[in-house]
Amino acid sequence: MKTIRIKKSIITKVGTGLAKEYDTAATYKELLFELWCDDAPHDAVEEYLINEGQINSDYGLKDYVSASDYIDMMKVAQANRKENFVAIDFEANFKDWFCDELEERLQYYGFDLDAPVDVEAMVRMADDEKKKGR
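Summarised in this report is the structure supplied together with it. (Residues numbered from 1 in each chain as written. Predicted model: local features only at pLDDT ≥ 70, side-chain atom pairs only at ≥ 80, totals over all residues. Heavy atoms only, no water.)

**Let's talk about the overall build of the protein chain**
Step number 1: Of regular secondary structure, the protein chain possesses 6 helices and 0 strands.
Step number 2: The helix and strand sequence of the protein chain, counted from the amino end, reads α-α-α-α-α-α.
Step number 3: Taking 134 residues into account, the globule formula puts the C-alpha radius of gyration at 14 Å, and the protein chain, at 14 Å, falls close to it.
Step number 4: For the C-alpha atoms alone, the extent of the protein chain along its principal axes is close to 40 × 35 × 25 Å.
Step number 5: Sorting the 134 residues of the protein chain into buried and exposed places 44% on the buried side.
Step number 6: Considering only contacts in the protein chain between residues 6 or more positions apart, those separated by 24 or more positions represent 65%. (Helix = DSSP H or I, 4+ residues; strand = E, 2+ residues; numbered from the N terminus. Rg over C-alpha atoms; globule rule 2.2 N^0.38 Å. Buried < 20%, exposed > 50% of the residue type's maximum accessible area, 1.4 Å probe, protein only. Contact = heavy atoms within 4.5 Å.)

**Quick word on the nonpolar core**
Step number 1: I6, V45, L49, L61, F94, F98 and L106 are the most contacted members of the largest nonpolar core, which has 39 residues in total.
Step number 2: The set of elements that each furnish at least two residues to this core consists of α1 (8–21), α2 (28–36), α3 (40–51), α4 (67–81), α5 (90–108) and α6 (119–131).
Step number 3: Per-element accounting of this core gives the leading share, 7 residues, to α5.
Step number 4: Apart from residues no more than four positions distant in its own chain, L106 is found in contact with Y28, L32, F111, L113, M122 and M125. (Core = buried A, V, L, I, M, F, W, Y, C linked by side-chain atoms within 4.5 Å.)

**Section: the state of the cysteines**
Step number 1: Enumeration according to the criterion identifies 0 disulfides in this entry.
Step number 2: Here C37 is not disulfide-linked; the sulfur of C99 is the nearest cysteine sulfur, at 8.8 Å.
Step number 3: You can call C99 buried: its relative accessible area is 5%. (Disulfide = S-S within 2.5 Å.)

**Quick look at the environment of A26**
Step number 1: Relative to the assigned elements, A26 resides in the loop between α1 and α2.
Step number 2: Among the residues examined, A26 registers a relative accessible area of 44% and is labelled partly exposed.
Step number 3: Separated by 90 residues in sequence, A26 and P116 have C-alpha atoms that sit 5.3 Å apart.
Step number 4: If we ignore the near neighbours within four places in the chain, the residues touching A26 are A115, P116 and V117.

**What about the packing of α4 against α5?**
Step number 1: Between α4 and α5, the shortest axis-to-axis distance is 8 Å and the interhelical angle comes to 80°. Between α4 and α5, the crossing angle belongs to the class labelled roughly perpendicular. For the pair formed by α4 and α5, the contact residues are Y70, D72, M73, M74, V76, A77, N80 and R81 on the first element and F90, A92, N93, F94, D96, W97 and D100 on the second.
Step number 2: For the contact of α4 with α5, the per-class residue count stands at 9 nonpolar, 2 polar and 4 charged. (Axes fitted to C-alpha atoms, helices over the stretch in contact; angles between N-to-C directions. Parallel < 35°, antiparallel > 145°, perpendicular 65-115°, else oblique. Nonpolar A, V, L, I, M, F, W, Y, C, P; charged D, E, K, R; others polar.)

And the structure:
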């Protein structure tokens with residue numbers, strides 16, 4: 001089975017889709033917190049990759065992530081959850097990593113995390129990431 005890389009364009013695309021669903025989040029910080037408290041990032045990325053034909057629905061997302069990429073995800077998860085960190089909890093580690101990466105992308109594009117969520121601006125960010133092939 002081949003491994004895949006979760007590109008920044010996938011994170012921004014899926015993050016934008018989730019922002020549309022989490023309309024209760026007033027700011028980007030609140031959005032990131034709500035995503036961090038839920039399993040939605042893992043499920044949404046898995047669904048996106050299945051729909052794009054990049055992974056087979058008979059397997060889970062964890063079956064396609066390389067060991068080195070998972071180690072990177074665990075480093076982020078361990079930093080976020082220190083005493084509650086569980087190395088074998090792929091979904092929780094993925095969620096922490098996803099939220100960290102999405103926050104990094106938002107900051108890279110100059111979003112004020114205390115500002116109200118602007119889904120249209122997030123769409124432009126996702127389109128730009130895709131155009132750049134990241």
